[in-house]
Amino acid sequence: MNEKIVRKNPEKMPSPVGNYTQITRVPKNAELIVTSGQIGVDKQGNIPEDFNEQVKHTFNNIKSVLETEKISSDNIIKVNIWATESIDWDFLYSEWDELFQTAYPAMTIGYISELGLPDIKIEMEIWAAEI
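All values reported here derive from a predicted model rather than from experimental measurement. (Residues numbered from 1 in each chain as written. Predicted model: local features only at pLDDT ≥ 70, side-chain atom pairs only at ≥ 80, totals over all residues. Heavy atoms only, no water.)

Asker: Explain the packing of aromatic side chains residue by residue, including any values.
Answerer: Overall, the coordinates contain 3 aromatic pairs when judged by the stated rule. With 5.2 Å between their ring centres and 45° between their planes, W89 and Y93 make a pair best called tilted. Within this pair, W89 and its partner Y93 are both found in helix α2 (residues 89-100), separated by 4 residues, close to a single helical turn. Note on Y93: relative accessible area 18%, which makes it buried. (Phe/Tyr/Trp six-rings, centres within 6.5 Å; stacked < 30°, edge-to-face > 60°. Helix = DSSP H or I, 4+ residues; strand = E, 2+ residues; numbered from the N terminus. Buried < 20%, exposed > 50% of the residue type's maximum accessible area, 1.4 Å probe, protein only.)

Below is the structure:
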């Protein structure tokens, strides 16, 4: 049986208001891979002050996690995003679309007052499935 991850936006539901999928179905025997929240720290351990720089480093760190686990963005089924200030959606979606193309995972976004360290402005948690 050729099982795969299925993403869909049912006709009876409102269209997504962003680049995500309403429903992601994972086959029964898939292995679940969950990351800690990835933040905008660079390879030298620096957290830039600029929000979009943190977004860029966060996506770079997500790509490193995928590479380490030998999976691709196609395996990502859910992304949880927390931010302490308004997201520049044009910038975030340019990084998002580069990573996902059009195979968008499910997504949840929350604005909160602070994250684990005072300098962190965005954190993204990844849920992936390997079939």
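Asker: Please set out the nonpolar core residue by residue, giving values where relevant.
Answerer: I76, V79, I81, L92, W96 and M124 are the most contacted members of the largest nonpolar core, which has 24 residues in total. For this core, the elements supplying multiple residues, two or more each, are α1 (51-68), β5 (76-83), α2 and β7 (122-130). Excluding residues that lie within four positions of it along the chain, I76 makes contacts with R7, I62, L66, F100, P105, I126, W127 and A128. (Core = buried A, V, L, I, M, F, W, Y, C linked by side-chain atoms within 4.5 Å. Contact = heavy atoms within 4.5 Å.)

Asker: Now, about the pattern of salt bridges: what can you tell me, with residues and values included?
Answerer: A side chain of one charge can pair with a side chain of the opposite charge if their charged atoms are brought near each other. Scanning the model with the defined rule gives 2 salt bridges in all. One salt bridge in this structure joins K63 and E98, with 3.1 Å as the shortest N-O distance. A residue pair is termed long-range when its members are at least 10 positions apart, and K63 in helix α1 and E98 in helix α2 qualify at 35 residues. We classify E98 as partly exposed; its relative accessible area is 49%. (Salt bridge = Lys/Arg side-chain N within 4 Å of Asp/Glu carboxyl O.)

Asker: Can you break down the environment of T35 residue by residue, with the values?
Answerer: Relative to the helices and strands, T35 is located in the loop between β3 (31-34) and β4 (38-39). When residues no more than four places from it in sequence are discounted, the contact partners of T35 are V65, E125 and I126.

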